[in-house]
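# Observations on the three-dimensional arrangement
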Amino acid sequence: MNARILPYVLILPVTLFLCLFFLYPFILVAQQAFSTGSGFTLDNFRDVTSHWKFPISMKNTLLLAAAVVPIQLALALLMATMVSRMEKGRDLVLYIWTIPLGISDLAAGLIWLAIFEQSGFLNTMMSGLGVVDKPVNLLSYQHPGIVFLAIALAEIWRATAIMLVILVAGIGLIPKEYYEAAEVFGASPWKRFLRITLPMLRPSLQTALVLRVILAFEIFAVVAALGGTLFPVLMGETYAYQFDLLNGGAAAAIALIILAISIGFTLLILRLLRVPKGASI
Amino acid sequence: MAEIQIKNVAKTFGTYQALHDINLTIADQEFMVLLGASGCGKTTLLRIVAGLETATTGEIWIGGRRVDHLAPKDRGIAMVFQNYAVFPHMTVFENIGFGLRMQKLANDEVKRRVERTATLMHIEQLLNRYSGELSGGQRQRVAVARALAMEPDVILMDEPLSNLDALLRMEMRAELKGVLAESKTTAIYVTHDQVEAMSMADRISVMHQGKIVQAASPIEVYRNPAAEFVAGFIGNPPMNFLSATPAGNGKWTVAGETLDGPNATAPLQFAIRPEDMQLADTGLKATAKVVEPLGAHLLVTCDVNGTMIRAILDSDHKVKPGDVLTLAPQPDRVRWFDPQTTLAVA
Ligand SMILES: Nc1ncnc2c1ncn2[C@@H]1O[C@H](COP(=O)(O)OP(=O)(O)OP(=O)(O)O)[C@@H](O)[C@H]1O
Ligand SMILES: [Mg+2]
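Residues numbered from 1 in each chain as written. Chains lettered and ligands numbered in written order. Predicted model: local features only at pLDDT ≥ 70, side-chain atom pairs only at ≥ 80, totals over all residues. Heavy atoms only, no water.

## Comments concerning the coordination of the magnesium ion (ligand 2)
In this structure, T43 of chain B (OG1) and Q82 of chain B (OE1) serve as the protein donors to the magnesium ion (ligand 2), at separations of 1.9 to 2.3 Å. Pair noted here: T43 of chain B is in helix α1 (residues 42-50) and Q82 of chain B is in the loop between β6 (77-80) and α2 (92-102), with a separation of 39 residues, a long-range link. (Donors = N, O, S within 2.8 Å, 3.2 Å for Na, K, Ca; no water. Helix = DSSP H or I, 4+ residues; strand = E, 2+ residues; numbered from the N terminus.)

## Quick word on the pairing of strand β18 (residues 324-329) of chain B
All names here are of chain B. The buried fraction of β18 amounts to five of the six residues, a majority that puts the element mostly inside the structure. Sheet topology note: the strand β15 (residues 277-293)/β18 ladder contains seven bridges and is antiparallel. The residue bridging A286 from the neighbouring strand is L325, located in β18. (Buried < 20%, exposed > 50% of the residue type's maximum accessible area, 1.4 Å probe, protein only. Pairing = 2+ DSSP bridges.)

## Topic: unusual backbone geometry
All names here are of chain B. Between N236 and the following residue, P237, the backbone shows a cis peptide bond with an omega angle of -5°. Considering the arrangement of structural elements, one finds P237 in the loop between α8 (228-233) and β11 (240-246). Positive phi, normally seen in glycine, also occurs at A255, with a value near 50°. For A255, a relative accessible area of 24% corresponds to the partly exposed category. Even without glycine at this site, N305 takes up a positive phi of about 55°.

## Section: the sheet that holds strand β1 (residues 4-13) of chain B
All names here are of chain B. One open sheet holds the four strands; their spatial order is β2-β1-β4-β5, and the pairing between them is antiparallel. The open sheet is flanked by β2 (16-26) and β5 (65-66), the only strands paired with a single partner. For strand β4 (residues 57-62) and β5, the ladder comprises two bridges, and the chain directions are antiparallel. Counterpart to W61 in the pairing with β5 is R66.

## Looking at the site of ligand 1
Residue and element names in this part refer to chain B. Surrounding ligand 1, one finds 13 residues, the nearest of these being S38, G39, K42, T43 and T44. One of the side-chain N or O atoms of Y16 is found 3.3 Å from an oxygen atom in ligand 1. When ligand 1 is considered free in solution it has 640 Å² of accessible area, and contact with the protein chains removes 63% of it. For the shell around ligand 1, the secondary structure elements donating two or more residues are β2 and α1. Among the elements that line the shell around ligand 1, the one with the most residues is α1, at three residues. Partitioned by chemical class, the residues of the shell around ligand 1 number four nonpolar, seven polar and two charged. (Near = heavy atom within 4 Å. Polar contact = N/O pair within 3.5 Å; in protein donor to acceptor, adjacent residues only side chain to side chain. Areas by Shrake-Rupley, 256 points an atom, 1.4 Å probe, with all protein chains shown as cover. Nonpolar A, V, L, I, M, F, W, Y, C, P; charged D, E, K, R; others polar.)

## Concerning the packing of helix α10 (residues 202-217) of chain A against helix α13 (residues 248-272) of chain A
All names here are of chain A. Running from N to C, α10 and α13 cross one another at 160°; their axes reach a closest spacing of 10 Å. The orientation of α10 relative to α13 falls into the category roughly antiparallel. Read as a crossing pair, α10 and α13 show a hand that is right-handed. Counted together, Q206, L209, V210, V213, I214 and F217 of α10 and I258, I261, S262, F265, T266, I269 and L270 of α13 form the full contact between these two elements. Of the residues in the contact of α10 with α13, the class split is ten nonpolar, three polar and no charged. (Axes fitted to C-alpha atoms, helices over the stretch in contact; angles between N-to-C directions. Parallel < 35°, antiparallel > 145°, perpendicular 65-115°, else oblique. Left-handed = near helix turned anticlockwise from the far one by under 90°. Contact = heavy atoms within 4.5 Å.)

## Observations concerning the interface of chain B and chain A
In this complex, chain B contributes 26 residues to the contact, which on the side of chain A involves 23 residues. Counting the surface lost from both chain B and chain A, the interface buries some 2,200 Å², and carbon and sulfur atoms represent 68% of this. It is P88, H89 and M102 of chain B in chain B that bury the most area against chain A; as a group they hold 27% of the surface buried on that side. Remark: the boundary between chain B and chain A carries two salt bridges. (Buried area = accessible area lost by both parts, 1.4 Å probe. Salt bridge = Lys/Arg side-chain N within 4 Å of Asp/Glu carboxyl O.)

## Some words on the sheet that holds strand β14 (residues 268-272) of chain B
Residue and element names in this part refer to chain B. Here we have six strands laid out as an open sheet, ordered β13-β12-β11-β14-β19-β20, and antiparallel in their pairing. A strand with exactly one partner marks an edge of an open sheet, and here the two such strands are β13 (257-260) and β20 (344-345). When strand β12 (residues 251-254) meets β13, the two strands line up antiparallel, connected through four bridges. The residue of β13 that forms the bridge with W252 is L259.

## Remarks on the packing of aromatic side chains
With the rule as written, the count across this model stands at 18 aromatic pairs over all chains. Look at F220 of chain A and Y239 of chain A: their rings are 5.3 Å apart centre to centre, the planes differ by 35°, and that puts the pair in the tilted class. With F220 of chain A in the loop between α10 and α11 (221-226) and Y239 of chain A in helix α12 (residues 234-244), this pair connects stretches of sequence that are 19 residues apart. Residue classification places Y239 of chain A among the partly exposed residues on the basis of a relative accessible area of 41%. Plain terms: the ring middles of F87 of chain B and F98 of chain B are 4.8 Å apart, the flat faces sit at 55° to each other, and that makes the pair tilted. With a gap of eleven residues between them, F87 of chain B in the loop between β6 and α2 and F98 of chain B in helix α2 connect regions that are remote in the sequence. For F98 of chain B, a relative accessible area of 0% translates into the label buried. Among the aromatic residues, those joined into a ring-pair cluster are F34, F40 and F45 of chain A. The ring of F87 of chain B is capped by R146 of chain B, whose NZ or CZ atom sits 5.0 Å from the centre of that ring. Looking at R273 of chain B, its charged tip hangs above the ring of Y222 of chain B, at a distance of 3.9 Å from the centre. (Phe/Tyr/Trp six-rings, centres within 6.5 Å; stacked < 30°, edge-to-face > 60°. Lys NZ or Arg CZ within 6 Å of the ring centre and 35° of its normal.)

## What about the pattern of salt bridges?
Side-chain pairs of opposite charge can arise where the charged atoms are in close proximity. Residues and elements named next belong to chain A. Taken as a whole and assessed by the stated rule, the structure comprises 24 salt bridges over all chains. We note a salt bridge from R158 to E155, for which the minimum N-O separation is 3.0 Å. Of the two residues, R158 and E155 both sit in helix α7 (residues 144-172), three residues apart, roughly one turn of that helix. As far as burial versus exposure is concerned, R158 and E155 are alike and both buried.

## Here we look at the environment of F26 of chain A
Residue and element names in this part refer to chain A. Mapped onto the secondary structure, F26 falls in helix α1 (residues 6-33). Taking the C-alpha atoms as reference, F26 lies 9.6 Å from A252; in sequence the two are 226 residues apart. With near-sequence residues (within four places) excluded, F26 lies in contact with L256 and L259.

## Considering the domain arrangement of chain B
When the parts of a complex come together, some accessible area is lost, and that lost area is often taken as the interface size. Residues and elements named next belong to chain B. Assigned domains within chain B: domain 1 (4-233) and domain 2 (240-337). Summarising the inter-unit geometry, the C-alpha centres of domain 1 and domain 2 are found 39 Å apart. Contact with domain 1, which involves ten residues of that partner, is made by eight residues of domain 2. In total, about 790 Å² of surface goes out of reach between domain 1 and domain 2, with carbon and sulfur atoms giving 46% of it. When the area that domain 1 buries against domain 2 is broken down by residue, the three leading residues are Y222, R223 and E228, summing to 65%. Applying the counting rule to domain 1 against domain 2 returns one salt bridge. Of the residues belonging to the side of domain 1 that touches domain 2, the class tally is six nonpolar, two polar and two charged. (Domains from an automatic or database assignment.)

Written out as structure tokens, the structure is:
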């Protein structure tokens, strides 16, 4: 077959699949978001954004992402560097650290609920140690800070590993000789990390951050398990519109808003971490 | 003062012994060339001196200080890597200035040194490029410039000119030699190009299978090879060998001819360089097989009693394949080797 058209023929099946099961439903959702039954309108967007819960859920979602993602990034970098330096047992450590990846987000939320709830480990331990005289309900409206902390912890515990595996793979791609050259020319381990690892890891950092940030805006099950209605987030509102209020148009509108935020951040990350032409490995 | 002493250094990778008991002293400001075939352990030895590899046994001393336990950056060295290791995410300027920045030199000093070494390496017009936009030879020169910019006491260079074209290489050789002599730098220079070794070295260390076979001045290595390996490795074409049997009283029978030689009773190898034989009335009977005109000379490959040898003759001689030549070895250029030990016999 003609070498020019062969590549297109080869990607045809997957393109068709994506059009059928992704693009088409997406268009339907978009249509739904921009109509209330009678032609094009922005009413759905107006409705959802003027609702009192919208600014709170927006703020909560962004705040959570802002708190969780940087910590995860730092942790993942630290863990990836440690794993890459290991000579023995490296695979075992990596398996153990990535166990949370195999647990669904709802299950992860429930695990942390078991820790924080009134009859949970934390309360048992605290009353056992005499810190409190009787178990307290930590995840209540009286302790919004603890609710936030519990959700953030669960997210960090659950989803740091996805960044970790991407960064470990990325660090593995950096040739050893660059570290040796840096070492000979006087760079300390910290300087080597700053001047060699970080810049050469940019493509992996891009992937890891984009993936993580998008997932952070889609946070739902962990929040539902730990915060319930105490901590509204955008994805939770989408769910509520669709299934509690049976308002498909409004749900579609929020979904599109989340999409827009995700695209915005993706472009920002790609731009900030871009590799100049001619500067790749 | 930066004398380098390598004392009893050996290195094993798993079960493979890459270096055997290396002893070598490189005087302050000396230009030492490590010469040897691929895989003989040149890079390994250089990396041990640099501190990127630890010797299994032995000691490294630089400038009277034992350095084996020191990190590379504390040894007062700079290095040109065989695979360049030019940082791809930095421009040429940042690459050359990397070590200077690590030393926290002032900006204008960094700029001055970077520009000076870049000019020396003829890459001053590339300073703003990334290494992905450079050719192999340009990248190699960045690696050399980066090491020179450090103005180190000791510079370790692993085949730093291997990727340049013949003309540029010749020019760079001279410049490099000049710069290092001027800056009083002690240099270890790895190459497997013997012309480069001959033309640059104060001394050459010939390595073979993880051992140093001979460390001497270029002319000594050429004229008086310490072992058969050196004789067969140095020179283009290398030395010729013929087996010799003792005929008593310092006389030897070589391909039916009787020649003067050392007093010994066991058979030896007779050795002579191709250019040290002349056409004469008496001498070795050789049948010309291949005749290659090289301009000023003829390179004649011929058969002496079933052994192939090469002779370099003046191109005035008319020689064609099939001719029987009589080649007289120049007596003071004849060398003898013990086939048992492969070492030279006086
Ligand atoms: N890290 C290593 N692990 C195992 N064996 C190694 C290692 N590094 C080098 N060797 C072996 O040690 C020997 C010497 O290698 P070295 O790189 O020093 O050779 P070299 O003289 O520099 O060769 P070349 O001229 O091809 O660069 C080789 O046989 C090589 O396979
Ligand atoms: Mg080498």
